[in-house]
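Analysis of the macromolecular model
Residue strings, one per chain:
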Amino acid sequence: MLKGRESLIRLVGRRRRFLSRRHSLLTSSPPQHQIGCKEYKDDPSIGNGNVDEEEWVDCPVCGKKIRGEDRVINSHLDKCLTRGSKRKLSQCTLFQLNFCTRPRVTVSSIESDVTRTDIGPSTGDGNICDLASVTFSKNIRDLASEMNSSDGPENNIQDESESSVCNRVNQMENLDGLIKLDDECKLLSDAKPMQIFRLEGSPQHQISDDRIDNIADSPLSLSEKRMPKCVESSEDDDNSEILLDTFIVGRRFGNGGELTVGAMIMLSRDPDNVKDQNAIKVLTKDTDHNKELGYIPRELAQYLSPLIDKFHLRFEGRITSIPQHPHAVVPIQIYSSGIVSFGEKDSSRLQVFNSLRRNALSAAEFSKTHSPIPAKYQHNLLLLLKEVLNINGHLFTEGEKTLLEAFLSLSDDSQRLFARLYARKEAECVTLFESMDKPQINDLKEVLNVLNVGELRDLISSLNKTHKKIAQNSDRGTRKQDYIARVLAAYQGGLCPNLTSMILGKTGRCIRISASAESVFWRAERLFFLNGEQDLSEFLLVDLGIVKYPAYNCIFTDQIFPDRSDLLSYEEAIEVAQIMDESLDENNNELVSRCVEISTSNVSSFVEEDRSSHSGSMAAFLSRFSASWVYSKVILLGVSFLEHEQRFKEAINLLKLLLDKFKCDRRRGYWNLRLSVDLEHVGCLDESLEVAEKGLLDPWVRAGSRVALQRRVLRLGKPPRRWRTPSFSSSVKRKIVEVHVQGRPLNCKTGVKNVFYGEDGDRCGVEELALQYYAGVGGSWQGVHTESGIWLTIFGLLMWDVVFADVPNVFRTKFQTAPLDLETDSFYEVRRGLVEALLDKIEHGMAEELLIMSWESHVGTACRGVNWDKHSLSELRAAVTCIGGPCLASICRNLAQDYRSWSSGMPDLLLWRFRDDYRGEAKLVEVKGPRDRLSEQQRAWLLFLIDCGFNVEVCKVSHAPV
């Protein structure tokens, strides 16, 4: 992979925008704000209201023509919807949406049939939506996120019972204000930039008005958490029986079993739950076997768990009603079996007991008005939109705000939302499929993608009853795509004339959202997460307890994007980066060159801004959200491309441009190094030496790049070019102790990873062979093959409170694993007092104690660099004990001052051994196989460790003679 390619992929992200002007880059250079990104202030597709007075639209409720102005449309729709017009029973609501995949989009999905009551650490704190499974696409097309397509027969939705269907029909019949639409669907457009939605569902899962009002109270909201208020104890409290009404949540994690009204249950603590130490399980009260049904909500468990643990209360109860869905929350009533007795001297314990009792009652009462949210995925979308509009509202036009606020009405009336979007269908905000007389094969495939496997199987079965040719091929795979291919083959072969209507009978109503409207949601998601690697699936990971983010405070004093023009320029640059990445995949060298040309043009006119007006912590990382920074990454990838093509002169020009325009960038070390190397390639040795010497005077040239330039100066600066020996000569030329180990090779091919036979006869790599050597004749060492992993884990655990300290602007969302300034110089400068105070404790022997406390307090919580699974607490304790305080403090200080430059390239092996007095020693070893040599970054680390007083070696593994 070309140097810089991986970084560019992370920048662009997993969600790719549809670039309508992609191929226009080949012919002309678009003006500012025109590279696949458009201003929306005059775009009618998102409801700006700037419509000609003579433009008329059709009302989807009554069919009348009305003027296409927002004010007129809204007024007319309100009148139509309040008349009580009802839809037909076969029609569906907008509330549950299926997304189909599109070409050029890599979709990674997470399947689940559970959502959580609250976003917190408890494994069982959850609830499910109406469907048996949810496929969560890692793409901006997740904008409503209530999906039910699945890829396996085990996830099919079972048919509802007759009584369940009747109940649902009755509920639909009683709804007022629903839109009356035709039964059949019509395909109006085959435009690929549009995304298909399937409209289906039941009104029982709509979020109520008060629910959306409380979105800001979500635990992942940046405002106050959605939690019941604690109640202080009072003198009139008593220790009588506790009676509570609550729910069973998280039933996806239980063992299942039939539920009956009045069935007896009991509560059991689950203190080993790493996501929530207060977790309480709900079990069936059965003398033979207690089946696990789920968990108590997290808000209530935090008060009941100390009552169980400290006051030995036992809780029993019964199921009060049964939900229709097998995984929905189950209403229960619980009570304490027994009364706690307190003596005269137990006044403090009585006070604690009464406080917990009252807070438990308060939490139970709170859950009555804030019960688990059924449509959790819609709730997550609404939370994202609400936060973005609240914090970054100045970056959206009025039209864009109208669109986003319309989707916020999902919580109020999903039919009203669809009506308002559909009424503007001429503006292509949404397109309704009403007829498919002669659909194209790609359109039909997109529509089939919204069906789940069970529905596709039923469709195939219906075809098999009347068409034997299809039945003969019924054994060709059972995956979703196999079924779709079979239906498409039947359509292309003309085997079933009414196939289109059969498909529409299964899909129900479908709509497409336009590319322009989708782009607004892409923008909202990017502003929420501030990166391209996270999307709405992060909510799901937290809901399911798969990921637990650390606790910190988000303090805002400045904006990332001061105005809209900065954001649009940044988005344009992101799109150019996306085109660059896609062009490399397609080996389209012409388009690669065009992207580099556009980036070069933009950077040439760039003037580095003065960031002094921003706070110190923010000024350092703010450049990462600028168009110029993105273009510089495209240019750097272009340099790698040109070097690969041996077009060194062009690469030299690009590197000189980068060095001239970006004076304060920690990539300057690599740029200087590549410029010096490329100049040597074209025979300019004197200039190559001058670049290397000048680079060593640059304060932004550090770590491996600095060592590489020093070695180039020593190699190129020999007489007669240079007569004076540089002062760093002796330091760079220091000899590092080498140890030679021989092993029996399994393969000897060049370019293939070396595999050896270990001492036990099993196959192993060079690192495992070196560990076996050091454990035996090498000195009875214990150790791990870790490279940088164990060091970053130790740094993260010891510096946890420093990393997540209250610093303005560095935490912008609740989904961060590190502050935004971690990889900048300001991380240390802003927190200098905190860092040095902690390093002083480490240097004086408190590292092990700090490590244990941090591990026990934060185990399982996501943090940059910390790997909870790879390293055990015992290994980490042994490592910090044997390394010693002074050496450990030196490494931590180095990482705190320049995390980006020093977070890679550390030695492969960390070895330790203890003496009788529990004092130990440590050794760091870099392992190299045959024909391998040290990289400059590895050499820089080894020299630094030697300066810190570490015992360092290089272990060279070679082939044993036959």
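As the structure is a prediction and not an experimental result, all values here were calculated from the model.

1. Quick word on the overall build of the protein chain
Of the regular secondary structure elements, the protein chain holds 34 helices and 20 strands. Split into buried and exposed, the 962 residues of the protein chain put 56% on the buried side. For the protein chain, contacts bridging at least 24 residues in sequence account for 75% of all contacts bridging at least 6. Of the roughly 42,100 Å² of accessible surface on the protein chain, 48% is carried by carbon and sulfur atoms.

2. Quick look at the pairing of strand β10 (residues 315-319)
Counting buried residues in β10 gives four out of five residues, a clear majority hidden from the surface. By the bridge criterion, three bridges tie strand β7 (residues 264-269) to β10 in an arrangement that is antiparallel. Paired with Met 264 across the strands is Arg 318, a residue of β10. As paired elements, β10 and strand β11 (residues 330-336) share five bridges and run antiparallel to each other. Bridge pairing links Phe 315 to Ser 336 in β11.

3. Things to note about the sheet that holds strand β8 (residues 280-284)
What the six strands build is an open sheet, ordered β6-β11-β10-β7-β8-β9; its pairing is antiparallel. On the outer flanks of this sheet lie β6 (243-248) and β9 (292-295), each paired with one strand and no other. Strand-to-strand, the axes of this sheet are offset by a mean angle of 35°, without reference to chain direction. Pairing analysis gives six bridges linking β6 to β11, with the strands arranged antiparallel. For Thr 246, the partnering residue across the bridge sits in β11 and is Ile 332.

4. What to know about the nonpolar core
If you look at the biggest cluster of nonpolar residues, it comprises 143 residues, and the most contacted ones within it are Trp 791 and Ile 842. The element that contributes the greatest number of residues to this core is helix α20 (residues 627-644), accounting for 11 residues. One finds Ile 296, Leu 300, Ile 332 and Phe 342 within the second-largest nonpolar core, a separate group that totals 30 residues.

5. Observations concerning the side chain of Lys 633
Note that Lys 633 resides in helix α20. The buried charged residue Lys 633 lacks any salt bridge partner; its closest oppositely charged side chain belongs to Asp 665, at an N-O distance of 8.5 Å. If near-sequence neighbours (up to four positions away) are discounted, Lys 633 is found in contact with Ser 7, Leu 8, Leu 11 and Arg 667.

6. Describing the sheet that holds strand β15 (residues 756-757)
Two pairing modes exist for strands in a sheet, parallel and antiparallel, and in both the strands are linked by backbone hydrogen bonds. Pairing within the open sheet is mixed, and its seven strands lie in the order β16-β15-β14-β20-β19-β18-β17. Each edge of the open sheet carries a strand with a single partner, namely β16 (763-764) and β17 (782-785). Pairing analysis gives six bridges linking strand β14 (residues 738-745) to strand β20 (residues 952-959), with the strands arranged parallel. From the neighbouring strand, His 740 faces β20, where its bridge partner is Lys 956. The sheet contacts of helix α26 (residues 766-775) involve β14, β15, β16, β17, β18 (909-914), β19 (920-928) and β20, and relative to β18 the element is tilted by about 15°.

7. Side note on unusual backbone geometry
Here the residue pair Pro 719 and Pro 720 is connected by a cis peptide bond, since its omega of 10° sits within 30 degrees of zero. If you trace the backbone, Pro 720 turns up in the loop between α24 (703-716) and α25 (729-732). The phi angle at Ser 780 is positive, at roughly 55°, despite the residue not being glycine. Counting through the fold element by element, Ser 780 comes out in the loop between α26 and β17. At Asn 809, a position not held by glycine, the phi torsion is positive, near 75°. Along the chain, Asn 809 falls in the loop between α28 (800-803) and α29 (826-830).

8. Notes on the pattern of salt bridges
Oppositely charged side chains can pair when the atoms bearing their charge come close. Within the structure shown, the criterion is met by 35 salt bridges. In this structure, the salt-bridge partner of Lys 656 is Glu 687, at a minimum N-O distance of 3.2 Å. With a gap of 31 residues between them, Lys 656 in helix α21 (residues 648-661) and Glu 687 in helix α23 (residues 685-696) connect regions that are remote in the sequence. In this structure, the salt-bridge partner of Arg 712 is Glu 680, at a minimum N-O distance of 2.6 Å. Of this pair, Arg 712 sits in helix α24 while Glu 680 is found in helix α22 (residues 668-681), placing the two residues 32 residues apart along the sequence.

9. Some thoughts on the packing of aromatic side chains
Using the criterion set out here, one finds 24 aromatic pairs in the structure. Summarising the aromatic geometry, the rings of Phe 529 and Phe 539 are spaced 6.5 Å apart at their centres and angled 70° between planes, so their arrangement reads as edge-to-face. One end of the pair, Phe 529, is in helix α15 (residues 515-529); the other, Phe 539, is in helix α16 (residues 537-543), and 10 residues separate them in sequence. The burial state of Phe 529 is the same as that of Phe 539; both residues are buried. Relative to Trp 941, the ring of Trp 902 has its centre 5.1 Å away and its plane inclined at 80°; by these criteria the two rings are edge-to-face. Placement of the pair is Trp 902 in helix α33 (residues 899-902) and Trp 941 in helix α34 (residues 936-948), with a sequence separation of 39 residues. As far as the burial class goes, Trp 902 and Trp 941 line up, both buried. Taken together, Tyr 552, Trp 800, Phe 804, Phe 811, Trp 855 and Trp 868 form an aromatic cluster joined through their ring pairs. The lysine or arginine in question, Arg 913, covers the ring of Trp 781, its NZ or CZ lying 3.9 Å from the ring centre.

Criteria and thresholds
Position numbers for residues count from 1 along each chain, tracking the sequence in the order it is written. Selection of residues for local features in this predicted model requires a pLDDT of at least 70, selection of side-chain atom pairs for listing and counting requires 80 or more, and totals for whole chains, interfaces and linings are taken over all residues. Derived side-chain values reflect all non-hydrogen atoms in the structure, with water molecules and hydrogen atoms excluded from consideration. Helix numbering and strand numbering both begin at the N terminus, where a helix is a DSSP run of H or I of at least 4 residues and a strand a DSSP run of E of at least 2. Using a 1.4 Å probe on the protein chains alone, a residue whose accessible area is under 20% of its type maximum counts as buried, one over 50% counts as exposed, and one in between counts as partly exposed. A contact between two residues is defined here by any heavy atoms of the two lying within 4.5 Å. Residue exposure ignores everything except the shown protein chains as possible cover, and the areas themselves are Shrake-Rupley values with a 1.4 Å probe. At least two bridges found by DSSP between two strands is the condition for calling them paired. Inter-axis angles, ranging from 0 to 180 degrees, are taken between N-to-C directions of lines fitted to C-alpha atoms, where helices are fitted over the stretch in contact. For our purposes a nonpolar core is just a set of buried Ala, Val, Leu, Ile, Met, Phe, Trp, Tyr and Cys residues, chained together by side-chain atoms within 4.5 Å. Counted charges follow a simple rule, with Lys and Arg positive, Asp and Glu negative, and His plus the chain ends left uncounted. Salt bridge, as used here: a side-chain nitrogen of Lys or Arg that lies within 4 Å of a carboxyl oxygen of Asp or Glu. The pairing test for Phe, Tyr and Trp rings, Trp by its six-membered ring, is centres within 6.5 Å, and the orientation test on the planes gives stacked under 30 degrees, edge-to-face over 60, and tilted for anything in between. In this scheme, Lys NZ or Arg CZ marks a charge over a ring once it lies within 6 Å of the ring centre and within 35 degrees of the ring normal.

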